[in-house]
Amino acid sequence: MSALNFSLRPARVEEAAIVAGAIAEASGGYAPLAWSALAGDGDLHATGARCCAADDGPHSWRNALVLETQDGAVAGVLLGCAAAQVPPVAAVLGADGSDLCAPGRMQVPDTWLLVGMTIFSPWRNYGLGHRLLVQACSQARAAGFDRVSLIACEHNPATRLYRREGFTVVERRPILPHPLLAYAGDVLLMVRALS
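Here we summarise the structure given alongside this text.

About the thresholds
Residues numbered from 1 in each chain as written. Predicted model: local features only at pLDDT ≥ 70, side-chain atom pairs only at ≥ 80, totals over all residues. Heavy atoms only, no water. Phe/Tyr/Trp six-rings, centres within 6.5 Å; stacked < 30°, edge-to-face > 60°. Helix = DSSP H or I, 4+ residues; strand = E, 2+ residues; numbered from the N terminus. Buried < 20%, exposed > 50% of the residue type's maximum accessible area, 1.4 Å probe, protein only. Pairing = 2+ DSSP bridges. Axes fitted to C-alpha atoms, helices over the stretch in contact; angles between N-to-C directions. Core = buried A, V, L, I, M, F, W, Y, C linked by side-chain atoms within 4.5 Å. Right-handed = clockwise from strand over helix to strand, strands pointing away.

**A few points about the packing of aromatic side chains**
- Throughout the structure, instances matching the rule amount to two aromatic pairs.
- Here Trp112 and Phe145 contribute two aromatic rings whose centre-to-centre distance is 6.0 Å and whose plane-to-plane angle is 55 degrees, an arrangement assigned as tilted. Here Trp112 is found in strand β4 (residues 112–119), whereas its partner Phe145 is found in the loop between α4 (128–142) and β5 (147–153), with 33 residues between them in sequence.
- For Trp112, a relative accessible area of 10% corresponds to the buried category.

Right, dumping it as structure tokens:
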């Protein structure tokens, strides 16, 4: 399978649930954790889909690009915007009163924030993550930014790709255990200068 068999296009509002699923996966569970503050006892994925169906906000479908196969299947999603557009993540308190979402408030000012990037299985390991990162850097340049930032869990396999692509860690915070969170270790704030 070649990366040439895929095309990038703007997401459509009716794909908000797909965008939400991509962000949930890319965030290692932090997006659903943040959505839990909005959902109460409701369906977290439905709440995420509503956030992604909004016309504004960092998770808006308007900020998303879809990587599509020749037959129209969604192989991946890229979501990005100016870091200044991202409001602080609401606190979600653990049983001990600690703020589980504190790592989500790390930010590098004056950067293009890669809010989330996911390549869905079975399309992984074909160079598509690299292709989405190239696109994110192009978006950043087009918007007038000279740096791209992102937040990633250190044990997320995508972190290896980010490091290979020139992202460096500028801050880290511990992941506090919670059933919605997929990883242990630290959350990394990473940045890459554009040449």
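Back to the write-up after that little detour.
**So, the sheet that holds strand β6 (residues 168–174)**
- One open sheet holds the seven strands; their spatial order is β1-β2-β3-β4-β5-β7-β6, and the pairing between them is mixed. Two strands in the sheet have a free side with no partner beyond their single neighbour: β1 (6–10) and β6. Neighbour-to-neighbour, the strand axes of the sheet open up by a mean angle of 25 degrees, direction not taken into account.
- Taken together, the three bridges between β4 and β5 define a ladder with parallel strand orientation.

**Structural notes on the nonpolar core**
- By size, the foremost hydrophobic cluster in this structure holds 42 residues, and its most contacted members are Val19, Leu114, Met117, Val148 and Tyr162.
- By size, the runner-up hydrophobic cluster in this structure holds 13 residues, among which are Tyr30, Val92, Cys101 and Val108.

**Some remarks on the pairing of strand β3 (residues 74–82)**
- Counting buried positions over the nine residues of β3 gives nine, a clear majority of the element.
- As paired elements, strand β2 (residues 64–69) and β3 share five bridges and run antiparallel to each other. Across the sheet, residue Leu65 finds its bridge partner in β3, namely Leu78.
- Linking β2 to β3, which pair antiparallel, is a turn of four residues; within it Gly72 sits at a positive phi near 90 degrees.

**A look at unusual backbone geometry**
- Each neighbour pair has its own omega, and for Ser121 with Pro122 the value is 15 degrees, a cis peptide bond.
- With respect to the helices and strands, the residue Pro122 is situated in the loop between β4 and α4.
- For Asn125, which is not a glycine, the phi torsion comes out positive at approximately 70 degrees.
- Relative to the helices and strands, Asn125 is located in the loop between β4 and α4.

**Observations regarding the pairing of β5**
- In terms of burial, β5 is largely enclosed, as five of its seven residues are buried.
- Assessed by its sense of winding, the connection that carries the chain from β4 through α4 to β5 is right-handed.
- Alignment of β5 against strand β7 (residues 186–193), held across seven bridges, turns out to be antiparallel. Among the inter-strand pairings, Ala152 is bridged to a residue of β7, identified as Leu188.

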